Amino acid sequence: AYKDAGGYVDSIVWVEGTVLKTESTPEGVYLVFSANEKFVRLLIPKANVDAFGGSIQHKYAGKKIKAVGKVSKYGYKLIVGVNEPKRIQIVEAGT
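Described below are features of the structure shown in this document.

What counts, and at which threshold
Residues numbered from 1 in each chain as written. Predicted model: local features only at pLDDT ≥ 70, side-chain atom pairs only at ≥ 80, totals over all residues. Heavy atoms only, no water. Pairing = 2+ DSSP bridges. Helix = DSSP H or I, 4+ residues; strand = E, 2+ residues; numbered from the N terminus. Phe/Tyr/Trp six-rings, centres within 6.5 Å; stacked < 30°, edge-to-face > 60°. Buried < 20%, exposed > 50% of the residue type's maximum accessible area, 1.4 Å probe, protein only. Lys NZ or Arg CZ within 6 Å of the ring centre and 35° of its normal.

## So, the pairing of strand E5 (residues 64-74)
Here strand E1 (residues 12-18) runs beside E5; their pairing, made up of seven bridges, is antiparallel. Bridge pairing in E5 links Gly-17 to Ile-65. Looking at chain direction, E5 and strand E7 (residues 88-92) are connected through four bridges and run antiparallel. Bridge pairing links Lys-64 to Glu-92 in E7. Bridge count between E5 and strand E6 (residues 77-81): five bridges; the pairing is antiparallel. Across the sheet, Val-71 pairs through a bridge with Val-80, a residue of E6.

## Overview of the packing of aromatic side chains
The geometry of two aromatic rings is summed up by the distance between their centres and the angle between their planes. What the rule picks out here adds up to two aromatic pairs. When the ring of Tyr-2 is compared with that of Phe-33, the centres are 5.1 Å apart and the planes differ by 15°; the resulting orientation is stacked. Highlighted residues: Tyr-2 in the segment before E1 and Phe-33 in the loop between strand E3 (28-32) and strand E4 (41-45), separated in sequence by 31 residues. With respect to class, Tyr-2 is no different from Phe-33; both count as buried. A network of ring pairs unites the aromatic residues Tyr-2, Phe-33 and Phe-39 as a single cluster. Over the ring of Trp-14 we find Lys-66; its NZ or CZ atom is 5.4 Å from the centre of that ring.

Here it is as structure tokens:
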């Protein structure tokens, strides 16, 4: 689960959770599982956003997803970079 990712920095992991919200930043689009910043977020890098086609927020917000990528740590933030759509699977469509 997304809460366990801290133990796997520099490893390739599967992360599962419900996307609380998305955030667009200069780095790309974050998929956020928790308002608590100590928990991992997924990052779709700016260079890869177009590959996901359409609104990433509409596609993933509120849905339970499973994604695979490498865990990186930036300061106190944990990030899993996801650079292609096939690395994110929707587990439950939500409401």
